[in-house]
Amino acid sequence: MKATRFTQLATLALLATLGGTATASAQSKTLTISWWGYNGEKMTANIIDPFKKICGCDIVFETGNNADRLNKLKLRDGKGVDVIYLTDSFSQLGIEQGLFQPVDPAKIPNLSEIYELGRAPQGKYGPAYTIGRIGLVYDSAKVNPPVTSWNDLWRPDLKSSVSLPGITTTAGPMVVVQAGKHAGVDPYASTDKAFEAVEALKPNVVKNYNTGSELVNLISTGEVRVAIGQDFTLASMQAAVKTMTWAKLKDGDIATLNTVNIPKGSTNVELAHQFINFILSKDVQQKEAEQGVDAPISTKVQLTPDQAKIWTYGADQVSSLSRVDYAKMNAAKTDWIDRWNEVFGK
């Protein structure tokens, strides 16, 4: 009996040791992802559960807006997260703050199947996983002639009918960029002239908005007939006013990219590359686009006209987009915010 008891205890000790080793192994394969937290059910179904089956790993999340999550990463000196989702303006800040490590393109073979615009949008760092655009929307039943250029924002017939995004929103600084172009100057080198054009636009502005829902409300009440907007809000605007139309601008829309990066303190770099490659795959991109989650950046995705109408989609549309120099914009933004508040705070 004593021998049997000893054998049982030894077996239990061995199992405990093996269990501890297994637990440690599982813990070492935990991928920590920092992202916004919306569309959680669809992300779980389309990305998280399928990837967990492939990698045999666990996945945990850190959620919040761009600024909060990037600041947390900075306070931790780039540690605690393996993959971080950010809009391109904030990923540029992370690059400037030295928080990310370069990605290895050889470990992301699906890069070859996405639009070139998204492969290395900020140099050697992470790719874009979805693409959007900033442009002009207008009520085609009330605005005639149609809006066909950024310069139309200054048209006299649009007095007290335009809504601009607030300067601290994603699209807000684009107003200054376009004002500079309207004035025929570089907004970074000739800021005074750019803001003179912003001031000249003021009579046409009803109100600046800070959220998509605020803009939709302004449109639904008829206060606003023309606005600068992002394409993902178009469906909501058209649900409020059926005749809201995305303008076909001869001077083009502005690209917005959501990126994925690997922080410098990642403890699962190989797994992070594997995850990025997975979310760029045709199958994942197809599902996300069909279900209204994100616009596809994979050139292999095929959408029906009805599925595609809410997205920036297709080679012709993507190639017509202009890019923003976020390094210059981020450096100028503090001054721009002060000047903007002087104009619209009067």
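Definitions and cut-offs
- Residues numbered from 1 in each chain as written.
- Predicted model: local features only at pLDDT ≥ 70, side-chain atom pairs only at ≥ 80, totals over all residues.
- Heavy atoms only, no water.
- Helix = DSSP H or I, 4+ residues; strand = E, 2+ residues; numbered from the N terminus.
- Buried < 20%, exposed > 50% of the residue type's maximum accessible area, 1.4 Å probe, protein only.
- Contact = heavy atoms within 4.5 Å.
- Areas by Shrake-Rupley, 256 points an atom, 1.4 Å probe, with all protein chains shown as cover.
- Phe/Tyr/Trp six-rings, centres within 6.5 Å; stacked < 30°, edge-to-face > 60°.
- Lys NZ or Arg CZ within 6 Å of the ring centre and 35° of its normal.
- Salt bridge = Lys/Arg side-chain N within 4 Å of Asp/Glu carboxyl O.
- Disulfide = S-S within 2.5 Å.
- pLDDT = per-residue confidence, 0-100.

K.L.:
Just checking my understanding: could you explain the overall build of the protein for this structure?
P.N.:
Helices and strands together make up the secondary structure of the protein, namely 14 helices and 10 strands. By principal-axis analysis of the C-alpha atoms, the protein measures approximately 100 × 40 × 35 Å. Put simply, the protein has 346 residues, and 49% of those count as buried. The long-range share in the protein, meaning contacts at least 24 apart out of those at least 6 apart in sequence, stands at 73%. Surface summary for the protein: the accessible area is close to 16200 Å², and the carbon and sulfur share equals 53%.

K.L.:
I would appreciate a short explanation of the packing of aromatic side chains in the present structure.
P.N.:
For any pair of aromatic rings, the description consists of the separation of the ring centres together with the inter-plane angle of the planes. As enumerated under the stated definition, the model contains 10 aromatic pairs in all. For the pair W35 and F61, a centre-to-centre distance of 5.8 Å together with 45° between the ring planes defines the contact as tilted. Remark: F61 occurs in strand β2 (residues 58–63) and W35 occurs in strand β1 (residues 30–35); sequence separation between them is 26 residues. In this structure W35 comes out as buried when scored by relative accessible area, which is 8%. Judged by its relative accessible area of 36%, F61 falls in the partly exposed class. Ring plane angle 55° and centroid distance 6.3 Å describe the contact between W35 and Y85, whose orientation is recorded as tilted. Of this pair, W35 sits in strand β1 while Y85 is found in strand β3 (residues 83–87), placing the two residues 50 residues apart along the sequence. Take W35 and Y85: they sit in the same class, and that class is buried. Members of the aromatic cluster, joined through ring pairs, are W35, W36, Y38, F61, Y85 and Y129. One Lys or Arg, R69, reaches over the ring of W36 and ends 5.2 Å from the middle of that ring.

K.L.:
Looking at this structure, how should I read the pattern of salt bridges?
P.N.:
Opposite charge on two side chains permits pairing when their charged atoms draw close. One pass over the structure, following the stated rule, counts 13 salt bridges. Taking the shortest distance from any N to any O, the salt bridge between D231 and R133 comes out at 3.8 Å. A residue pair is termed long-range when its members are at least 10 positions apart, and D231 in the loop between β8 (226–230) and α9 (234–240) and R133 in strand β5 (residues 128–139) qualify at 98 residues. In this pair, the class of D231 matches that of R133, namely buried. The structure contains a network of salt bridges with shared partners spanning R133, D231 and D253.

K.L.:
Looking at this structure, I do not really get the state of the cysteines. What am I missing?
P.N.:
Cysteine pairs can be linked by a disulfide, which is a covalent bond between their two sulfur atoms. For the structure on display, the rule yields 1 disulfide. Disulfide pairing is shown between C55 and C57; the S-S distance is 1.9 Å. Taking the sign of the S-S torsion, about -70° here, the bridge from C55 to C57 comes out left-handed. A residue is classified by how much of its surface remains accessible, and C57, at 7% relative accessible area, is buried.

K.L.:
Explain the confidence of the model for the protein to me, please; I cannot follow it from the model alone.
P.N.:
Low pLDDT means the predicted coordinates in that region are not meant to be read closely. Here the protein averages 91 in pLDDT, and 92% of its residues register 70 or above. Confidence drops under a pLDDT of 50 for residues 1–27, and excluding neighbours within four residues, the segment shows 0 contacts in the predicted structure.

K.L.:
What is the right way to read helix α4 (residues 88–96) from this model?
P.N.:
Every α-helix carries 3.6 residues per turn, so stepping three or four residues along brings you back to the same face. Within α4 the residues assigned to the buried category are D88, S89, S91, Q92, G94 and I95. Positive backbone phi, at 70°, marks G98, one or two positions downstream of α4.

K.L.:
I keep staring at the environment of S112 and nothing clicks. Help me out?
P.N.:
Of note, S112 is situated in the loop between β4 (100–101) and α5 (116–119). It is 35 Å that separates the C-alpha atoms of S112 and P165, two residues lying 53 residues apart in sequence.

K.L.:
I keep staring at unusual backbone geometry and nothing clicks. Help me out?
P.N.:
Leaving glycine aside, a negative phi is the common case for residues, and trans is the common case for peptide bonds. Residue P145 follows N144 across a cis peptide bond; omega there is 10°. Residue position: P145 is located in the loop between β5 and β6 (162–165). The residue D77 is not glycine, and still its phi comes out positive at about 55°. Mapped onto the elements, D77 comes out in the loop between α3 (66–75) and β3.

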